[in-house]
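The chain contents come next:
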Amino acid sequence: GSEMCIRDRFNLCAKTVLMVDRYLERITDAIDRLIERRALNSFYVGLSGGSENSITSVADYIINLSERKVKLINLKLLIDMALEACPILSAQILIERYMDNEKSFDIAKRHNLSERTYFRRLNEALEHFSVEMSKLGFSEKRLFDYISSEKWIMEVYNRLISAKSDDSVQIDENRLGKLVAG
């Protein structure tokens, strides 16, 4: 029923945030550079009276990017806290699969699990992670709303929806920069 749908979407959100976790710090650094560049450029162009660099538009741009940065830092903290609260094997499997982007076969082998048992453990781990996210105040809807404003994160989310397996979803690091700035 619809509850299964919500659970699937929650697991999809969980996979997505785990996959983008390793980029969050780099993205927040890029946001800092964008803010700095815009602030410096606005000073020079401001001297010529360009309207796109009015004090208001520069302030709005910087505030918008600063809010995005805070949101991404909070997302990173949330992921770390949820993982720390998960059972050790669950956290290990999630980190190896989604953060370190290791193949399922290799993870199963390392933990001496049959393929079937591995996938059962992976699903249990996603459940644990989702429960911990909920305990931290992030229901499926709140987590989805939280990430939906970031185009680059939603691109990963949408690729996970259409992928036959999680193993086939790769993040194109060259596109990341373009998506962040946009």
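As the structure is a prediction and not an experimental result, all values here were calculated from the model.

Procedures and definitions
- Residues numbered from 1 in each chain as written.
- Predicted model: local features only at pLDDT ≥ 70, side-chain atom pairs only at ≥ 80, totals over all residues.
- Heavy atoms only, no water.
- Helix = DSSP H or I, 4+ residues; strand = E, 2+ residues; numbered from the N terminus.
- Buried < 20%, exposed > 50% of the residue type's maximum accessible area, 1.4 Å probe, protein only.
- Contact = heavy atoms within 4.5 Å.
- Areas by Shrake-Rupley, 256 points an atom, 1.4 Å probe, with all protein chains shown as cover.
- Core = buried A, V, L, I, M, F, W, Y, C linked by side-chain atoms within 4.5 Å.
- Phe/Tyr/Trp six-rings, centres within 6.5 Å; stacked < 30°, edge-to-face > 60°.
- Lys NZ or Arg CZ within 6 Å of the ring centre and 35° of its normal.
- Polar contact = N/O pair within 3.5 Å; in protein donor to acceptor, adjacent residues only side chain to side chain.
- Expected span 1.5 Å × (residues − 1).
- Patch = residues over 30% accessible without salt bridge, like charges linked within 9 Å, V, L, I, M, F, W, Y side chains within 5 Å.
- Salt bridge = Lys/Arg side-chain N within 4 Å of Asp/Glu carboxyl O.
- Axes fitted to C-alpha atoms, helices over the stretch in contact; angles between N-to-C directions.
- Parallel < 35°, antiparallel > 145°, perpendicular 65-115°, else oblique.
- Nonpolar A, V, L, I, M, F, W, Y, C, P; charged D, E, K, R; others polar.
- 1 Å grid on protein atoms, 1.4 Å probe; cavity = no way out; pocket = protein on both sides within 12 Å on 5 of 7 lines; lining within 4 Å.
- Points joined across faces, edges and corners; volume = space filled by probe spheres on them.
- Left-handed = near helix turned anticlockwise from the far one by under 90°.

Draft legend 1. Just the overall build of the chain, in detail. The secondary structure content of the chain amounts to eight helices and zero strands. Of all 182 residues assigned to the chain, the portion counted as buried reaches 41%. Taking the intrachain contacts of the chain between residues at least 6 apart in sequence as the baseline, contacts between residues at least 24 apart amount to 75%. Carbon and sulfur atoms provide 55% of the accessible area of the chain, an area that totals close to 10,300 Å².

Draft legend 2. Highlighting the nonpolar core. Core analysis: the largest hydrophobic core is formed by 49 residues, its most contacted members being L18, L75, I79, L94, F129, M133 and L143. Those elements that provide at least two residues to this core are α1 (2–48), α2 (55–85), α3 (88–99), α4 (104–110), α5 (115–135), α6 (140–147) and α7 (151–162). If you tally residues by element for this core, the top one is α1, at 14 residues. Once residues lying within four places of it in the same chain are set aside, the contact partners of L75 are V17, L24, L143, Y146, I147 and I153.

Draft legend 3. A look at the packing of aromatic side chains. With the rule as written, the count across this model stands at three aromatic pairs. Ring plane angle 85° and centroid distance 5.2 Å describe the contact between F138 and Y146, whose orientation is recorded as edge-to-face. Each member of the pair, F138 as well as Y146, is classed as buried. Across the ring face of Y98, the terminal group of R97 is positioned such that the distance to the ring centre comes to 5.3 Å.

Draft legend 4. Up close: the side chain of E150. Along the chain, E150 falls in the loop between α6 and α7. Overall, E150 belongs to the buried group, its relative accessible area being 2%. A distance of 2.9 Å separates the side chain of E150 from the side chain of W152, its partner in a polar contact. In this structure, E150 is in contact with R68 and L72, ignoring residues within four places of it in sequence.

Draft legend 5. A look at α3. In a regular helix each residue adds 1.5 Å, so 12 residues correspond to 16 Å; α3 covers 15 Å between its end C-alpha atoms and thus fits that length. Along α3, the residues that are buried comprise S90, A91, I93, L94, E96, R97, Y98 and M99. N101 sits one or two residues past α3 and shows a positive phi near 60°.

Draft legend 6. Representation of a nonpolar patch on the surface. A surface patch of nonpolar side chains, about 330 Å² in accessible area, is lined by I73, L77, M81 and L136. Assignment of secondary structure puts L136 in the loop between α5 and α6.

Draft legend 7. Spotlight on the packing of α3 against α5. Here α3 crosses α5 at 100°, and the two axes come no closer than 9 Å. Taken together, α3 and α5 sit at an angle that is classed as roughly perpendicular. Between α3 and α5, the contacting residues are L89, S90, I93, L94, R97 and Y98 on the first element and Y118, R121, L122, A125, L126, H128 and F129 on the second. For the contact of α3 with α5, the residue count by class is nine nonpolar, two polar and two charged.

Draft legend 8. Main features of empty space enclosed by the protein. Under the counting rule described, the total for this entry stands at two cavities of 30 Å³ or more. Residue lining of the second largest cavity: R68, K71, L72, L75, Y146, I147, E150 and I153, and that is the complete set. Sort the elements by how many residues they give to the lining of the second largest cavity and α2 lands first, with four residues. Residue composition of the lining of the second largest cavity, by class: five nonpolar, no polar and three charged.

Draft legend 9. Geometry of the packing of α2 against α6. Contact pair α2 / α6: the axes reach a minimum separation of 11 Å and the direction vectors enclose 140°. The orientation of α2 relative to α6 falls into the category oblique. The handedness of the crossing between α2 and α6 is left-handed. Of α6, the residues touching α2 (which contributes V70, K71, N74, L75 and L78) are L143, D145, Y146 and I147.

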